[in-house]
Amino acid sequence: WQFSWACSTAESLLSKECCPVWPGDGSSCGQLSGRGVCQDVILNSSAAGPQFPFSGVDDREDWPTVFYNRTCQCLGNFMGYNCADCKFGFRGPNCTERRTMVRKEIFRMSSAEKSKFIAYLNLAKHTTSRDYVIVTGTYAQMNNGSNPMFADVSVYDLFVWMHYYASRDAFIGEDGLWRDVDFAHEAPAFVPWHRYFLLHWEHEIQKLTGDENFTIPFWDWRDAQGCDICTDEFLGGIHPTTSNRLSPASFFL
């Protein structure tokens, strides 16, 4: 996950604690309401594979302990940086109501459904996230937390950044990069990581729009002869003169 704005201060970084207050009861992690507790991060003790022969050189190792070693640990069906949200598949004031969401194949959507989907993405692209910021420097560049380096980001671009942050090259020292492993795509976590990523993206758009029934459509590409959704009606066509750019008529520009 990315960084809560509430934990982007020098105080939070120097204390290495990210346990924000849940506004519902004014307590850290909503502890007074039984939503969560502030506790030490528990890491997986499994050894790293030989594909990454380094240790302690990249901020993403043993996440998130380079930045925080105490965070909200949510209980029951609660989740989120301050345990304010419900786990996927639940809703209601106490996150006890089960719900089933059904995603629709993009070519089976009605015109109204397609228009709403594009409108929601457009809103997300132009709305600054109220909950999260993105990191713009390493922990070392922040002088070990005393000089925070974060920036506001739109709800849509937050997830662009998350995908980049998970898959970027590893920093291994002064101007050194390790390009041999893309942790988001060249490892066993490829499928579950992206499923979790899409669930969070869907969830943030639901919160932004107030439409808790919103789901991201999927594309059944099994019999596709090309990129059928690469049109300006959907996710953007190819630029007429520059093949590695989007069409100027794409909504995503």
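Anything mentioned here points back to the structure above.
What counts and what doesn't
Residues numbered from 1 in each chain as written. Predicted model: local features only at pLDDT ≥ 70, side-chain atom pairs only at ≥ 80, totals over all residues. Heavy atoms only, no water. Pairing = 2+ DSSP bridges. Helix = DSSP H or I, 4+ residues; strand = E, 2+ residues; numbered from the N terminus. Disulfide = S-S within 2.5 Å. Buried < 20%, exposed > 50% of the residue type's maximum accessible area, 1.4 Å probe, protein only.

J.: Explain the sheet that holds strand β1 (residues 3-4) to me, using residue names and the numbers behind them.
T.: Pairing in this open sheet of three strands is antiparallel, and the strands run β1-β11-β12 from one edge to the other. Both outer strands of the open sheet, β1 and β12 (150-151), are each paired with one neighbouring strand and no more. Pairing of β1 with strand β11 (residues 132-135), which is carried by two bridges, proceeds in the antiparallel orientation. From the neighbouring strand, F3 faces β11, where its bridge partner is V133.

J.: So what about the state of the cysteines? Which residues, and what values?
T.: By the definition in use, this model includes six disulfides. Between the sulfur of C19 and that of C38 lies a disulfide, 2.0 Å long from S to S. On the S-S bond that ties C19 to C38, the torsion sits near 75°, and the link is right-handed. Taken together, the positions of C19 in the loop between β2 (17-18) and β3 (21-22) and C38 in strand β5 (residues 36-40) put the pair 19 residues apart, joining distant regions of the chain. Both residues of the pair, C19 and C38, belong to the buried class. Each disulfide pairs two cysteine sulfurs, and for C29 the partner residue is C72, the sulfurs being separated by 2.0 Å. Looking along the S-S bond of the C29-C72 disulfide, the torsion reads about -85°, which is the left-handed sense.

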